[in-house]
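Observations on the three-dimensional arrangement
One letter stands for each residue in the lines below.
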Amino acid sequence: MADTTYTMAHWGTFRTEAGRQPRLHPLAGDPAPSDLGLSMSSVLSDSARITQPMVRAGFLSDGPESRVRRGADPFVPVTWSTATRLAARELDRVRGTYGNRTVFGGSYGWASAGRFHHVQSQLHRFLNVAGGYVRSVNTHSHAAAEVTIPHLIGSTGGMGAHHTPWPLICGHTELFVAFGGLSEKNTQVSAGGVAEHTVPRWLEQCHATGTRFVNVSPLRSDMAPGLDADWLPVRPGSDTALMLGLAHTLEADGLTDRAFLASHVCGFDRFAAYLMGQTDGIPKTADWAAELCGLDAETIRALARRMAKKRTMISVAWSLQRADHGEQPIWMAVTLAAMLGQIGLPGGGFGVGYACANRVGNVKSTVAWSALPQFTNPVADFIPVARVADMLLNPGTPFTYNGQDLSYPDIRLVWWAGGNPFHHQQDLNKLLRAWRCPETVIVQDAWWTATARHADIVLPCTTSLERNDLGIAKDEPLLVAMRQVAQPHSQARNDYDILAEIAAHMDLHDTFTEGRDEMDWVRHLYDTSRATAAAKGIDLPDFDQFWQDGLARFELQEEPRPLLADFRRDPVAHALPTPSGRIEVFSERVAGFGYADCPGHACWLPPREWLGHNTCTPDMLHLVSNQPMTRLHGQLDNGTVSRASKIAGREPATFNPADAAARGISEGDIVRLSNARGACLVGARLSQDVAKGIVQLATGAWFNPEHPGQEGSLDLHGNPNILTRDAGTSQLAQGPIAHSALIRAERFTEPLPPVTAFDPPALLPPQS
Ligand SMILES: Nc1nc2c(c(=O)[nH]1)N[C@H]1C(S)=C(S)[C@@H](COP(=O)(O)OP(=O)(O)OC[C@H]3O[C@@H](n4cnc5c(=O)[nH]c(N)nc54)[C@H](O)[C@@H]3O)O[C@H]1N2
Ligand SMILES: Nc1nc2c(c(=O)[nH]1)N[C@H]1C(S)=C(S)[C@@H](COP(=O)(O)OP(=O)(O)OC[C@H]3O[C@@H](n4cnc5c(=O)[nH]c(N)nc54)[C@H](O)[C@@H]3O)O[C@H]1N2
Ligand SMILES: [Mo]
């Protein structure tokens, strides 16, 4: 056997040294390894690790009747046999009594890297074998963009499927206008794994070859200092107005590319009538925009003229569409890019998500790597992912989604594995209320996350270092043999073995496993991937060689191509799969849905909560709850890197010094952030990099209510979702709106309750 082993995580590939606390070293050649890997071994056997299966005490004694005590009850440690039988019994009871349309298995979340142990794939496979489940569609990351972009260009190109890649930005893009910045902290990760962290190097190269950057963001730190960017501290939620002001300047100055509009675009006249004020009497001038977005009109006009003169990339971070009316900045960015007429040219056009993950902007690989097959789901019902609390609270209530009139299913059993809704969902007090509705909640996780604490049956799983898997990073030329380097902690089991045992209790074992164990599956997924790659001319070693070598590198075959290059070249032969075959600046189809909150073209619809609202008072601040530098969402918050960043154990929140001074807040103070929805404690940091009127609090501090299970409880640790609003972006996409929230901040002078997020909940003696 080889003595060098490797693991792949969402935050990078590492060489591993086995041991009780395995050591991890970044992959040789990774130009910008992420510190997150340093946390991995520190959380393997920490106090937050779940040691054995657990059942909520009230559930054991009183069953579903006790569900109001979820989150407050202590847990009883039980044997695996008891836990898996109980889970099987509950699923059988619920599907037998009410049918599979009452089982929610959406189970959204990032889980872990690795093709086989991707737990959502396993859970969905298991639930499909057991008759199906209600699923969720789209992502928390970019739901509004996922739904909007296909109406505009007929695919998710420029958002997920394909971007104009870095090699065509570098050396071509003269002006890179980044709405929401290009935050290098976010390039530490990619869903499914990273081989090499290449974005910082690409950005440096672009800068060195003459690309000029504009950082349109409330945070100066959303762009690396080395890029010498112009900083336009836009008022959050107003980018659409700013882009309209830019568009108006182009029109007024005769800078719109009429020829491109005539040959490639549908419905510009309908939009132009709105832009110029013919439909509503309000011309969307730079002066009009300046009032709304907090920049001066001359800056807006100058930027528009610069954009028309230069090869310009219009980049929109995913954050902009995780906001009220999140469809609009996306639609408006595509509209603006269409007016500039550079779509399809190297370095021009638009892109949604540059620097939001390491992968975005890589040359797209066409190899379809194998994943665990899930069978088919006999249940058709679904919800847009962020509507989970609405679903649980309002069974039978109608809702709209992308032109469809649907209604919320009546959920009796929730099964969550590989995600953490008590991290990711907006308005945690509302989620807590919603979470009391289902009869049964089953959670698989390795740690006592807030979601595990709000479960009835808790099934502790292994982590990547404790099992064998196949690592493949999308659009990167590396396969990783993820060989086990640590023994499973305490009684933790692989999710696969947990589900296989539950399936056995339901006489579904063989269908679920197809007779394969862990290594059979890893080998099978590798062999089928190898065959797919071979068909594309990529030669990979056989499995035994690969497993011994630990890594398989290859050459990516694809040429870098600008987004929509063929369509640009020949818009007839390469017509887009939109109704008109063109870029739909006006969409007859979306207009036909009749949604007042998302009409047929981009427009300014003020957020219900923002600094420009007439009910907004000077004591309010806009909450930017962006992605954390020190962890992945809630993952690794218990690790060394994240813990080192805390202030008196609380999540740091960064204020502009003037806002802090006005509230008597100094660096290091404990501060209470609050609004009508909830309150939390944070540690204060002060920085001029944060625009006035803004407080920045990263997501992911484990929710730590002072009185667990009680609505309205103070969160002691600094989870922003106790403050954010849970509503859909619009009737079109129903995406989450985490970035549209106002709060108040005050020094916290009461005795400071300790943070207990990383301690296990109260446990009763084990059941024998
Ligand atoms: N306020 C605010 N909220 C946000 C956002 C925001 O910008 N602001 N962003 C949103 C976005 S973009 C996202 S993607 C979501 C992320 O939300 P999530 O994806 O739910 O967050 P994670 O912390 O990654 O949750 C993954 C969970 O899976 C567990 N896990 C890992 N590996 C395994 C495994 O092998 N088996 C099992 N059973 N469990 C495993 C981890 O321990 C962790 O608890 O948050 C959203 N929430
Ligand atoms: N280290 C690390 N990296 C991550 C993640 C993580 O948890 N940790 N999560 C990953 C995931 S799941 C995703 S989806 C991506 C998310 O990628 P993004 O959605 O781009 O990430 P955010 O950090 O939420 O937002 C980026 C910046 O947008 C700015 N912003 C917020 N509101 C506005 C606005 O109204 N206008 C403008 N112009 N700017 C605004 C904020 O200043 C913020 O810093 O990141 C990924 N990368
Ligand atoms: Mo995300």
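Heads up: the structure comes first, above all this text.
So, a few notes on the structure that sits alongside this text.

Definitions and limits used
- Residues numbered from 1 in each chain as written.
- Chains lettered and ligands numbered in written order.
- Predicted model: local features only at pLDDT ≥ 70, side-chain atom pairs only at ≥ 80, totals over all residues.
- Heavy atoms only, no water.
- 1 Å grid on protein atoms, 1.4 Å probe; cavity = no way out; pocket = protein on both sides within 12 Å on 5 of 7 lines; lining within 4 Å.
- Points joined across faces, edges and corners; volume = space filled by probe spheres on them.
- Helix = DSSP H or I, 4+ residues; strand = E, 2+ residues; numbered from the N terminus.
- Nonpolar A, V, L, I, M, F, W, Y, C, P; charged D, E, K, R; others polar.
- Near = heavy atom within 4 Å.
- Polar contact = N/O pair within 3.5 Å; in protein donor to acceptor, adjacent residues only side chain to side chain.
- Areas by Shrake-Rupley, 256 points an atom, 1.4 Å probe, with all protein chains shown as cover.
- Buried < 20%, exposed > 50% of the residue type's maximum accessible area, 1.4 Å probe, protein only.
- Pairing = 2+ DSSP bridges.
- Right-handed = clockwise from strand over helix to strand, strands pointing away.

**Details of the layout of surface pockets**
- Of the volumes computed, that of the second largest pocket is approximately 730 Å³.
- Elements supplying a minimum of two residues to the lining of the second largest pocket: β25 (652–655) and β27 (678–686).
- Tallied by class, the residues present in the lining of the second largest pocket amount to 13 nonpolar, 13 polar and seven charged.

**Here's the deal with the site of ligand 1**
- Inspection of the region around ligand 1 gives 33 residues, with W110, H424, D445, D495 and N721 positioned closest.
- Within the contact set of ligand 1, an oxygen atom lies 2.7 Å away from a side-chain nitrogen or oxygen of D445.
- Between an oxygen atom of ligand 1 and a side-chain N or O atom of H633, the distance comes to 2.9 Å.
- Compared with its free state, where it exposes 920 Å², ligand 1 has 97% of that area covered by protein.
- Taken together, the residues that form the shell around ligand 1 break down as eight nonpolar, 21 polar and four charged.

**Some words on the pairing of strand β8 (residues 175–179)**
- Among the five residues of β8, five are classified as buried, and the element is accordingly described as predominantly covered.
- Because side chains alternate across β8, one face comprises the buried residues L175, V177 and F179, and the other comprises F176 and A178, equally buried.
- Pairing analysis gives five bridges linking β8 to strand β9 (residues 212–216), with the strands arranged parallel. Bridge pairing in β9 places A178 opposite N215.
- Note on the crossover from β8 through helix α6 (residues 199–208) to β9: the handedness is right-handed.
- Bridge count between β8 and strand β12 (residues 312–316): five bridges; the pairing is parallel. Of the residues in β12, the one forming a bridge with L175 is T312.

**Here we look at unusual backbone geometry**
- Although it is not a glycine, D475 sits at a positive phi angle of roughly 60 degrees.
- Despite not being glycine, S490 shows a phi value in the positive range, around 45 degrees.
- Note that S490 resides in the loop between β21 (478–482) and α17 (495–505).
- On the accessibility criterion, S490 (48% relative accessible area) is partly exposed.

**Section: the site of ligand 2**
- Inspection of the region around ligand 2 gives 30 residues, with D222, G237, D239, S319 and P628 positioned closest.
- At a separation of 2.8 Å, an oxygen atom of ligand 2 approaches a polar backbone atom of G237.
- Relative to its free-state accessible area of 910 Å², ligand 2 is covered by the protein chains to the extent of 98%.
- Its residues assigned to classes, the shell around ligand 2 comprises 14 nonpolar, eleven polar and five charged.

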